[in-house]
Amino acid sequence: MKTSVGIGLLGLGVVGGGVARTLVERADHVRQLAGCKLSLEGVLVRDPSRPRSFDVPSSLVTTRVEDILDNPAVDVVVEVMGGQTPALDYIVKAISLDKHIVTANKEVMAKQGPDLLTLARKKGVQVMFEASVAGGTPIIGPLLRDLVSNEISSIHAIINGTTNYILTQMVHQGVGFDDALRAAQELGYAESDPTNDVEGIDAAYKLAILSTLAFRARIKDSDVYREGITRLDARDFLYARELGYTIKLLAIANMRDGVVEAHVHPAFVPSDVMLAKVEGVLNAVEVEADMVGRVLFTGPGAGAEPTASAVVADAIGIARNIVGNVTPPTPLRLSENVRVSPMSDLETKYYLRLNVDDRPGVFARIAKLLGDLDISIASVIQKETDEAAQRAEIVMMTHRAREAAMTNALGLLSELDVVNDVGNLVRVEEWE
Ligand SMILES: NC(=O)c1ccc[n+]([C@@H]2O[C@H](COP(=O)([O-])OP(=O)(O)OC[C@H]3O[C@@H](n4cnc5c(N)ncnc54)[C@H](OP(=O)(O)O)[C@@H]3O)[C@@H](O)[C@H]2O)c1
């Protein structure tokens, strides 16, 4: 019987450092759970001279990936480098060499996950990726295993801690986007180039992974409509609160009659629903399914220890199978008959903030323009009249309307001579 399973670590940054530390400092605990030793056989980095949060013996550190992939003592390759290139090549090469994979890489899993799972099945190895969504909060395992008797109808998720921190600052401190981003960067919650987070790219990767698992259909990141949080203004948060909402960057996926819609964008969320209370860097995924109803998974979405918790658990699961000589379970079978609907087909409620001329008849013209497009107004508040400039701000909530109609309306509104500026449009999500 195998008494030791060899781990090759690709990356020794935030997550890799946490994984190495866990394997070394909790070695006895891990051995008991796995039924064998998990032995670190090699660590790939770019720059061996960089100071590390956890020092591994220098004899294990290499800049040559072959030292890990061609090492027969390595049974499991743990990829915690990030990015698509060269991580994807290394994973494919490792699988072809009969190595099992644990990865935290959402970009690779969103773009190539189903192909990698198929390749792994052919080679009789496992690809595990719990840490790729929501870091230390379990959600991949529950979707793959614990919820499989259900038909899942929707996912509502807050899966980017950086933007949730920024939005929480904007709600509680009343600050604008730029100040909130700066605070997040000072605390290390946002990178110096925050594009992937604030433009919703990171959340779209994760939603593609979750939707693929939940709906058992291949949903790629390019199938996910996305909008970031950079257009949100401190005033939108004031109005949201007045109307009984907060604003979150929501990742939403629904499945109805074989049609999936998947979108990431800021959304008004009623203040009394559970997701509205998920603040700071926390993540949360709410799954709605026919047997369990609604379940909420919430917890840390990042950080060395929480993410290493998920990565090492995956490695332990693989080691148990190796030791027990268990054939890995067949990964997902994906349906070919699911269609992804375009965003223009979405039907939702909207919040609309407009800067208009403050004179009689203006609102009637706006209401007629919207009415002609089948967009009916549920409520209106007129705000902040600037008498000297004869300008006013109008805030409207609509009933459910088609996205295509709303896109059309925005174009026509911006051409109206009485509308000075379309301040913002935010979709409103309701829970029954
Ligand atoms: N950070 C989190 O909390 C978190 C949470 C969930 C998932 N993840 C995912 O986990 C992965 C790793 O994230 P991280 O935050 O740990 O990243 P990180 O701190 O930037 O670390 C990346 C590591 O990979 C190494 N590396 C990168 N490119 C390489 C290359 N071409 N050749 C050799 N080594 C290379 C780097 O080497 P050097 O150190 O020598 O530069 C570094 O050690 C990403 O996929 C990320 O999305 C992260």
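Residues numbered from 1 in each chain as written. Predicted model: local features only at pLDDT ≥ 70, side-chain atom pairs only at ≥ 80, totals over all residues.

Chemist: Hey, could you go over the domain arrangement of the chain for me, with residue numbers and the actual values?
Modeler: Taken domain by domain, the chain consists of domain 1 (4-136 + 304-324), domain 2 (140-300) and domain 3 (346-428). With centres defined by C-alpha atoms, the gap from domain 2 to domain 3 works out at 26 Å. Between domain 2 and domain 3, the residue contacts involve 11 residues of the former and nine residues of the latter. Elements that contribute at least two residues to the side of domain 2 that touches domain 3 include exactly helix H11 (234-243) and strand E10 (259-270). Element by element, the count of residues in the side of domain 2 that touches domain 3 is highest for E10, at five residues. Here the side of domain 2 that touches domain 3 is built from residues that sort into six nonpolar, one polar and four charged. (Domains from an automatic or database assignment. Contact = placed C-beta atoms within 7 Å. Helix = DSSP H or I, 4+ residues; strand = E, 2+ residues; numbered from the N terminus. Nonpolar A, V, L, I, M, F, W, Y, C, P; charged D, E, K, R; others polar.)

Chemist: A description of the packing of helix H7 (residues 161-173) against helix H8 (residues 177-186) should follow, citing residues and the corresponding values.
Modeler: For any two helices packed against each other, the geometry comes down to the angle between their axes and how far apart the axes lie. Interaxial distance between H7 and H8 falls to 9 Å at its minimum, and their mutual angle equals 125°. Overall, the two elements H7 and H8 adopt an arrangement that is oblique. Helix-helix and strand crossings are classified by hand; for H7 and H8 the assignment is right-handed. Mapping the contact onto sequence places Thr162, Tyr165, Ile166, Gln169 and Met170 in H7 and Phe177, Ala180, Leu181, Ala183 and Ala184 in H8. Along the lines of polarity and charge, the residues of the contact of H7 with H8 split into eight nonpolar, two polar and no charged. (Axes fitted to C-alpha atoms, helices over the stretch in contact; angles between N-to-C directions. Parallel < 35°, antiparallel > 145°, perpendicular 65-115°, else oblique. Left-handed = near helix turned anticlockwise from the far one by under 90°.)

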